[in-house]
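Residue-level structural notes
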Amino acid sequence: MKTAIKILSSILLLILATVFIALFLFRNEISAILSIELRKQRVENTLQCGIYEMTCKGNYYFEDYLEQGGAKDDRELLDFIIKKVTKGLFPVKINVSKIGCSSFTAKKTDGQHLFARNYDLYSTNTCLVRVKGNKKRHASISTVDLSFINIPASKNVDSLALKALCLAAPYLPLDGINDAGVSCALYMTYQGKGKKVVATNQNTELKDLSSTTFIRMILDYADSLEDAVKIAGQFDMHDSAGTSFHYMVADSSGRSAILEWVNAKDGLDSDGSQRKLLVTYNDDDSNVGRREAMADFQWVTNFIIQPGYYDSYDTAHLKGWDRYNIIYDCLSKSGGVVEDEMSAMQVLKMAAQRTIRPKRDAKDRILTVHSVIYNLDKKSVLWCGNEQFSDGEGMFCYEFDAKKRMFVRKR
């Protein structure tokens, strides 16, 4: 009997030790998974998909990702996430589709600076990812399209398996703001000959970043617009999933910039390895066009803004030309000044999919998945999902809490 008790006690201690070690090794992952919260329920047979929130207080190993040299393609990024983040227990896939989108900067009547963004794509579940700041990284909040990590729009994120996939979300931000008041977003550019889109794929001695990890880099480490531009010049860019992107960054100084990787100036630009970074600032864009030169604000959609890049700048050639003009028409009347965040949100509504395509086919599943206004001075967020501009339950507000080092929901 004594021998049996000793054996059972040893087995129990071994089990407890194993559980303790597992809990310790997976403490960051467990914390993130348990934090996932449904903010708005998916509505069956509509374009209204679920809206979730996840909080990352611990390590998601982005420094390790940078130390290994980053990743040259989605496969390398996936290998890192599976090995380091999910510990090989959960397979992860990354799917990036053709992204529409629009952005602009504006100034409130009280002088505060805003960065606005529409994200246009097929209806999808969305996750707002809050990252806690520490000595090595800024606090931030960003938006992630969960279809990128293979979570279908028709599913609720309520199982352990689907929640575990969300561990990859910090590596896939589409836009966001950090506690330094730096905000950024990405937009597809459709670069290449004809209908063939060619991804930027630089290949020098520099370390490597993909599209969304570039956004993560800015949110974690950039103290200012200048820092963000400096970061962009220190890495080779590798656009994700065979698509091509440009980026917009702004900070609380009132300055903003559009970052583009281009080569030929004939609209073909069919060799992504030869592209170079070009930066166009809102206060130094006279070469872009007369409207841009006269405006203090900056705006962007889905075409390269560099002069001479296309044979002609018209609706037939440029993706998002209609939205580009809508935003300008709305903001130019007031010189880029808006009364408040809700006024800026109304400009996004004017460029949203239901507004610009009111007679679209009923089976068309493309919509403005989210619209967001980042206040770069207050470090606050007004976020709207699925074009629910008049639905109070579809609007979420966040503000930065310095004591908690977090962006927290406003009650």
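We now turn to the structure provided with this report. Everything numeric here is computed off the predicted structure, so don't read it as measured data.

This part takes up the packing of aromatic side chains. Scanning the model with the defined rule gives 21 aromatic pairs in all. Taking the centre distance of 5.8 Å and the plane angle of 20° together, the rings of W383 and F396 count as stacked. Placement of the pair is W383 in strand β17 (residues 380–385) and F396 in strand β18 (residues 395–401), with a sequence separation of 13 residues. The two residues W383 and F396 agree in class, both being buried. Pairwise contacts between aromatic rings join Y60, F62, Y65, F80, Y171 and Y221 into one cluster. Looking at R39, its charged tip hangs above the ring of F396, at a distance of 4.2 Å from the centre. Lying over the aromatic face of Y328, R291 brings its terminal NZ or CZ to 4.7 Å of the ring centre.

Quick look at the side chain of S210 now. Here S210 shows up in strand β9 (residues 207–210). A relative accessible area of 1% places S210 in the buried class. What S210 contacts, discounting residues up to four positions off in sequence, is Y65, A71, L77, M237, H238 and S240.

What follows covers empty space enclosed by the protein. On inspection of all chains with the given rule, the structure shows two cavities of 30 Å³ or more. By volume, the largest cavity amounts to about 110 Å³. Taken together, 16 residues form the lining of the largest cavity, with N28, A32, C56, N59 and Y60 sitting closest to its centre. With four residues, the single largest contributor to the lining of the largest cavity is helix α2 (residues 27–35). Taken together, the residues of the lining of the largest cavity sort by class into nine nonpolar, five polar and two charged. Each pocket or cavity is described by its volume, and for the second largest cavity that value is around 40 Å³. Around the second largest cavity sit I258, T280, D285, V288, E292, Q298, W299, I305 and Y324, which together line it. Looking at the lining of the second largest cavity residue by residue, the classes come out as five nonpolar, two polar and two charged.

This next bit is on the sheet that holds strand β1 (residues 37–40). Sheet strands line up and pair through hydrogen bonds in the backbone, either parallel or antiparallel. The strand order β1-β2-β5-β6-β7-β8-β11-β12-β13 describes an open sheet built from nine strands, whose pairing is mixed. Either end of the sheet is taken by a strand with one partner, and the two such strands are β1 and β13 (276–281). Neighbouring strand axes in the sheet, compared pairwise and without regard to direction, differ in orientation by 20° on average. Both strand β2 (residues 51–56) and strand β5 (residues 126–131) contribute to a ladder of six bridges, which runs parallel. Bridge assignment links I51 to a residue of β5, and that residue is T126. With respect to the sheet, α2 is in contact with β1 and β2, its orientation differing from that of β2 by roughly 150°. With respect to the sheet, helix α7 (residues 225–232) is in contact with β11 (245–250), β12 (256–262) and β13, its orientation differing from that of β12 by roughly 10°.

Across soluble globular proteins, nonpolar side chains have a tendency to be buried as a group. In terms of nonpolar packing, the biggest core is built from 118 residues, with F104, Y171 and F214 touching the most fellow members. Beyond its immediate stretch of four places on either side in the chain, F214 contacts L209, A228, I231, A232, M237, Y247, L259 and W261.

This paragraph deals with the packing of helix α6 (residues 211–221) against α7. Look at α6 against α7: their axes get within 10 Å of each other, and the N-to-C directions meet at 140°. In terms of orientation, α6 lies oblique with respect to α7. Crossing geometry of α6 relative to α7 is assigned as right-handed. Of α7, the residues touching α6 (which contributes F214, M217, I218 and Y221) are D227, A228, I231 and A232.

Our focus in this paragraph is helix α9 (residues 321–332). Relative to the 16 Å expected for 12 residues at 1.5 Å per residue, α9 spans 16 Å between its end C-alpha atoms, a close match to the ideal helical length. Of all the residues in α9, the buried ones are W321, R323, Y324, N325, I327, Y328 and L331.

All right, on to unusual backbone geometry then. With a phi angle near 60°, K379 is a residue other than glycine that sits in the positive phi range. With respect to the secondary-structure elements, K379 resides in the loop between β16 (366–375) and β17. Of note in this structure, N386 is not a glycine but carries a positive phi near 55°. By the secondary structure assignment, N386 is in the loop between β17 and β18. The exposure class assigned to N386 is buried, which follows from its relative accessible area of 3%.

Attention now moves to the side chain of D285. Checked against the element boundaries, D285 lands in the loop between β13 and α8 (290–294). Buried within the structure, D285 lacks any salt-bridge partner; R255 is the closest side chain of opposite charge, at an N-O distance of 10 Å. Other than its neighbours up to four places away in sequence, D285 contacts T280, E292 and A293.

Here we take up the pattern of salt bridges. Side chains bearing opposite charge may pair, as long as their charged atoms lie close to each other. Applying the stated criterion across every chain, the model contains 17 salt bridges. For the salt bridge of R42 with E44, the shortest nitrogen-to-oxygen distance reads 3.1 Å. E226 serves as the salt-bridge partner of R255, at 2.9 Å between the closest nitrogen and oxygen. Taken together, the residues R255 in the loop between β11 and β12 and E226 in helix α7 connect sequence positions 29 residues apart. Its relative accessible area of 25% is what places R255 among the partly exposed residues. One salt-bridge network, held together by shared partners, links E37, R39, E53, R130 and R409.

Calculation criteria
Residues numbered from 1 in each chain as written. Predicted model: local features only at pLDDT ≥ 70, side-chain atom pairs only at ≥ 80, totals over all residues. Heavy atoms only, no water. Phe/Tyr/Trp six-rings, centres within 6.5 Å; stacked < 30°, edge-to-face > 60°. Helix = DSSP H or I, 4+ residues; strand = E, 2+ residues; numbered from the N terminus. Buried < 20%, exposed > 50% of the residue type's maximum accessible area, 1.4 Å probe, protein only. Lys NZ or Arg CZ within 6 Å of the ring centre and 35° of its normal. Contact = heavy atoms within 4.5 Å. 1 Å grid on protein atoms, 1.4 Å probe; cavity = no way out; pocket = protein on both sides within 12 Å on 5 of 7 lines; lining within 4 Å. Points joined across faces, edges and corners; volume = space filled by probe spheres on them. Nonpolar A, V, L, I, M, F, W, Y, C, P; charged D, E, K, R; others polar. Pairing = 2+ DSSP bridges. Axes fitted to C-alpha atoms, helices over the stretch in contact; angles between N-to-C directions. Core = buried A, V, L, I, M, F, W, Y, C linked by side-chain atoms within 4.5 Å. Parallel < 35°, antiparallel > 145°, perpendicular 65-115°, else oblique. Left-handed = near helix turned anticlockwise from the far one by under 90°. Expected span 1.5 Å × (residues − 1). Lys, Arg positive; Asp, Glu negative; His and termini not counted. Salt bridge = Lys/Arg side-chain N within 4 Å of Asp/Glu carboxyl O.

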